[in-house]
Amino acid sequence: MFNKKYFFGLLTVLALSFLLVACGGEEEDTGSDTEGDDTASSDITPETWRFVTEEVSGQVQYEYAAEFAARMAEKTDGAITVEPYEFGGLGSETDQTELLQQGGVEMAVMSPGFTGGMVKEGQLFALQFLFPDSVETTQEILETSEALNTDLRERYEEYNISPLAFWTEGAMQWTSSSPLETPEDFEGFKMRTQESPLILESYRAYGAEPTAMSWSELYTALDNGTVEGQENPIFFIGDASFNEVQDYMTISNHNNYVAMTTVNTDWYNGLDDNVKQIVDETVEEMQEWVFDEQASQNEEFLETIKNDTDNPTEVVELTEEQRDAFRELAVPVREFYRNEVSEVDGAILDKLEEEIEAAQ
């Protein structure tokens, strides 16, 4: 039914609108930062990206993906939705790598140790006592190294994976069913490792019997004695409750757990330039954030493990003399890497060693 009152009211609103636009025309010509941002956001096509990790909610990798998602949503006014996936939701570590290669997911946090059979050069992260004892210095090297961010990245891109950043989740420690204080303690010791020939070789150098295994199987394997020990940063040991089924934790700082923020290369190269710039900027910002996150979690879980009276774990800190005994056996493994693993005669490792020496 026609309503005169409504009709004249509508005319009044329209007239006022035209008047306001006319009065504001001059101001509109000057433009504003806010208006420019809205225009930029409107240029971004709404998309949803899948971001898989090798850890679960609360652990460093998953929290990294969640924080990245929040920042991307804020910067694009919600146009880009990033969905973090906990480990296991899309298969094993190897399954996730294949998904990323094939474009089944767009992004992944992955550990080079699980890609060692594919990208041979990436196994260099398994070399013990390679990086400085200082986790801060190690993080600086990971961020600035040409050997890693250019040379190693190119090797991954041959497999349609682009590492956008390398970062540490903290120093690696050993847990075990018996004390691990000297290389002799590793004789015949059943050690769980990642899927990396070089990690296996590193523990054979100590006399251990290493076994590659997904971490999803590890708690049960430690509990029933299938394996006797494992290595991980402290936060992961505590959050995965490995200390419940291990009697000892050795503060050895024999390595750093390095993670990579990776993307499917074809997908990444196909992004609009403005979106790619936001991704790159956010990845760079996240470097400081994730360093603080891992430091906080490692400190917190060290205290948790020390004070767990229900599952007492003896925490042993190696002396420098004890660490030197392990280092003496670990350094020759670098020649095994150069001669038996590397496809470029160790060139990337050589450059990285020079960068590490310059940074100390």
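The following refers to the structure shown. None of the values given here were measured: they were computed from a predicted structure. (Residues numbered from 1 in each chain as written. Predicted model: local features only at pLDDT ≥ 70, side-chain atom pairs only at ≥ 80, totals over all residues. Heavy atoms only, no water.)

### Remarks on the packing of helix 7 (residues 146–157) against helix 15 (residues 347–359)
Across the interface, helix 7 lies against helix 15 with an axial gap of 9 Å and an inter-helix angle of 165°. Our classification of the angle between helix 7 and helix 15 gives roughly antiparallel. The handedness of the crossing between helix 7 and helix 15 comes out as left-handed. Across from Glu146, Ala147, Leu148, Asp151, Leu152 and Arg155 in helix 7, the residues of helix 15 making contact are Ile348, Lys351, Leu352 and Glu355. Of the residues belonging to the contact of helix 7 with helix 15, the class tally is five nonpolar, no polar and five charged. (Axes fitted to C-alpha atoms, helices over the stretch in contact; angles between N-to-C directions. Helix = DSSP H or I, 4+ residues; strand = E, 2+ residues; numbered from the N terminus. Parallel < 35°, antiparallel > 145°, perpendicular 65-115°, else oblique. Left-handed = near helix turned anticlockwise from the far one by under 90°. Contact = heavy atoms within 4.5 Å. Nonpolar A, V, L, I, M, F, W, Y, C, P; charged D, E, K, R; others polar.)

### Regarding the side chain of Gln123
Within the secondary structure, Gln123 is located in the loop between strand 3 (107–110) and helix 6 (135–144). A polar side-chain atom of Gln123 sits 2.8 Å from the main-chain amide nitrogen of Leu198. Residues within four places of Gln123 in sequence aside, it is in contact with Gly116, Gly117, Ser196, Pro197, Leu198, Tyr337 and Val341. (Polar contact = N/O pair within 3.5 Å; in protein donor to acceptor, adjacent residues only side chain to side chain.)

### A word on the packing of helix 6 against helix 12 (residues 273–306)
Between helix 6 and helix 12, the shortest axis-to-axis distance is 12 Å and the interhelical angle comes to 155°. The pairing of helix 6 with helix 12 is recorded here as roughly antiparallel in orientation. Relative to helix 12, helix 6 is oriented so that their crossing is right-handed. Where helix 6 abuts helix 12, its residues Val135, Glu136, Gln139 and Glu143 lie against Gln287, Phe291 and Gln294. The residue makeup of the contact of helix 6 with helix 12, split by class, is two nonpolar, three polar and two charged.

### A word on helix 5 (residues 93–102)
Among the residues of helix 5, those classed as buried are Glu93, Gln96, Thr97 and Leu100. All buried residues of helix 5 project into a common sector of 100° when viewed along the axis, lining one side. The secondary structure elements touched by the buried residues of helix 5 are strand 1 (47–52), strand 3, strand 4 (161–176) and strand 9 (256–264). Remark: Gly103 follows helix 5 within two positions and exhibits a positive phi of approximately 85°. (Buried < 20%, exposed > 50% of the residue type's maximum accessible area, 1.4 Å probe, protein only. Arc of directions from axis to C-beta.)

### Looking at the nonpolar core
Counting residues in hydrophobic clusters, the biggest one holds 48 residues, and the most contacted among them are Trp49, Tyr64, Phe68 and Val279. Among the elements that make up this core, the one with the highest residue count is helix 12 (ten residues). With residues near it in sequence (within four places) discarded, Phe68 still touches Phe51, Val82, Met107, Val279, Thr282, Val283 and Met286. The next biggest cluster of nonpolar side chains, apart from the first, holds 44 residues, and it includes Ala126, Leu127, Ala147 and Ile356. (Core = buried A, V, L, I, M, F, W, Y, C linked by side-chain atoms within 4.5 Å.)

### Here's the deal with the pairing of strand 8 (residues 248–251)
Burial of the side chains of strand 8 extends over both faces: Tyr248 and Thr250 are buried on one face and Met249 and Ile251 on the other. Of the pairings in the sheet, the one linking strand 8 to strand 10 (residues 314–317) comprises four bridges and is parallel in character. Bridged to Ile251 within strand 10 is Glu317. (Pairing = 2+ DSSP bridges.)

### Details of the pairing of strand 3
It is a general feature of regular strands that their side chains alternate between the two faces of the sheet. Covered by surrounding structure in strand 3 are Met107 and Val109 together with Ala108 and Met110, the residues of both alternating faces. Taken together, the two bridges between strand 1 and strand 3 define a ladder with parallel strand orientation. Residue pairing in the sheet places Val52 in a bridge with Ala108 of strand 3. The pairing of strand 3 with strand 9 spans four bridges and is classified as antiparallel.

Everything listed here is a matter of coordinates, which is why it stays silent on function.
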